[in-house]
Amino acid sequence: MRKTGSFKWVEFMVVATLLFLPHCRVLAGSSDQVIIFHAGSLTIPLAHMEKEFEAMYPGVDVLREASGSQKCARKIIDLKKPCDIMASADYKVIDKLLIPNYADWNIRFATNQLVLCYTENSKYASEINDENWYNILARKGVIWGHSDPDLDPCGYRALMVLQLAEEYYKVPGLYDKTVANRPKENIRPKSVELGSLLQTGNMDYAWEYLSVAVQHELKYILLPDEINLGNYQFDEFYDQAVVRVAGKEPDTFMEMRGSSVTYGVTMIKNSPNTKEAEAFLQYMLDPQGGLKVLKEMGQPPFVPCRVPTEAAKSSLPESLQNLVVIKD
């Protein structure tokens, strides 16, 4: 009897401690987890957000699964894997693949830009710059790569940068000549995998987001705003770049057009952990919460976050509506 009583007393003290700890919160009816599928480029900031959120809600376990953004959507559409939140490196992936069947809304929360990454051991590392990089990539013996355009937005954006570079530098055939020097085996499922190939000397150059390059302490070439997909003021110029990728249904295709890099996040319909998901999004989209983490890790957030219309704002959970503004 004393053993049972002791156990109940310990259990009471644990609950009491959680209730009165500073900054800790309890979700009524909590199912103790939130499942997030996210772009690989968000891995490091989301890991930090996970720790902060779990400190705020000690009873909730954040379960994250990183992959290319289109692959994230495929897990939901084709594999029917349980998911609460999807965060995409391109908000258009949510619009084109998840809405309206699997999601109702889409919040734009951050931007980025493409850079060409390398290491001090890369071929011609001492020679490459923002004016000759495309010539370096076309040289025999140089190994460069990008992620799979069908699975990861960074992949089709890398091809867009090459298309735009041909126009910007006024070099006919730049795209074809450069891509001809990149064998298919240098195309990887997600862009963050390329970083390890660079660091182990198995690749000379790889296309990444600036935030990923900073977080992994890679060397990189900053490109002009006219081609780096990082400045919305050049969206009209970016729009001429077009890449064909896998569509919503098997054996179908869709065109992705160039535009400034914009990340999107949504909550999946019939989310298995609705309360937890909503609480995480409240934290993630807070300027003093997740958006602050993004900024500190080299990725510019939208403060406040954005939705395109009043109808889009009204479709959000009430707790998120004060965290967004209407801006297309």
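Residues numbered from 1 in each chain as written. Predicted model: local features only at pLDDT ≥ 70, side-chain atom pairs only at ≥ 80, totals over all residues. Heavy atoms only, no water.

A. Layout of the overall build of the protein chain. Looking only at helices and strands, one finds 14 helices and 14 strands in the protein chain. Over its C-alpha trace the protein chain gives a radius of gyration of 22 Å, about what one expects of a compact globule, namely 20 Å for 328 residues. Expressed along its principal axes, the backbone C-alpha trace of the protein chain runs to roughly 80 × 45 × 35 Å. Looking at the protein chain as a whole, 51% of its 328 residues qualify as buried. Pairs at least 24 apart in sequence give 71% of the contacts found in the protein chain among residues at least 6 apart. For the protein chain, the exposed area adds up to about 15,700 Å²; of that, 52% sits on carbon and sulfur atoms. (Helix = DSSP H or I, 4+ residues; strand = E, 2+ residues; numbered from the N terminus. Rg over C-alpha atoms; globule rule 2.2 N^0.38 Å. Buried < 20%, exposed > 50% of the residue type's maximum accessible area, 1.4 Å probe, protein only. Contact = heavy atoms within 4.5 Å. Areas by Shrake-Rupley, 256 points an atom, 1.4 Å probe, with all protein chains shown as cover.)

B. Summary view of the packing of aromatic side chains. Taken as a whole and judged by the stated rule, the model has 13 aromatic pairs. Ring centres of Tyr134 and Tyr169 lie 4.9 Å apart, and the angle between their planes is 40 degrees; on these two criteria the pair is classed as tilted. Pair noted here: Tyr134 is in helix α5 (residues 133–137) and Tyr169 is in the loop between α6 (153–168) and α7 (174–179), with a separation of 35 residues, a long-range link. In this pair, the class of Tyr134 matches that of Tyr169, namely buried. In textbook terms, an aromatic cluster arises when at least three aromatic residues are bridged by ring pairs, as seen for Trp133, Tyr134, Tyr168, Tyr169 and Trp207. Sitting over the ring of Phe37, Lys75 keeps its end group 5.4 Å from the ring centre. One residue, Arg139, lies across the ring of Tyr124, its end atom 4.5 Å from the ring centre. (Phe/Tyr/Trp six-rings, centres within 6.5 Å; stacked < 30°, edge-to-face > 60°. Lys NZ or Arg CZ within 6 Å of the ring centre and 35° of its normal.)

C. Summary view of the domain arrangement of the protein chain. Under the domain assignment, the protein chain is made up of domain 1 (31–111 + 263–326) and domain 2 (114–257). Each side of the interface is counted separately: domain 1 has 23 residues, and domain 2 has 22 residues. Joining domain 1 to domain 2, the criterion identifies one salt bridge. The partner of Asp90 in a salt bridge is Arg157, and the shortest N-O contact between them spans 3.5 Å. Taken together, the elements giving at least two residues each to the side of domain 1 that touches domain 2 come down to α2 (43–56), β2 (61–67), α3 (69–77) and α4 (91–98). Residue composition of the side of domain 1 that touches domain 2, grouped by class: nine nonpolar, nine polar and five charged. (Domains from an automatic or database assignment. Salt bridge = Lys/Arg side-chain N within 4 Å of Asp/Glu carboxyl O. Nonpolar A, V, L, I, M, F, W, Y, C, P; charged D, E, K, R; others polar.)

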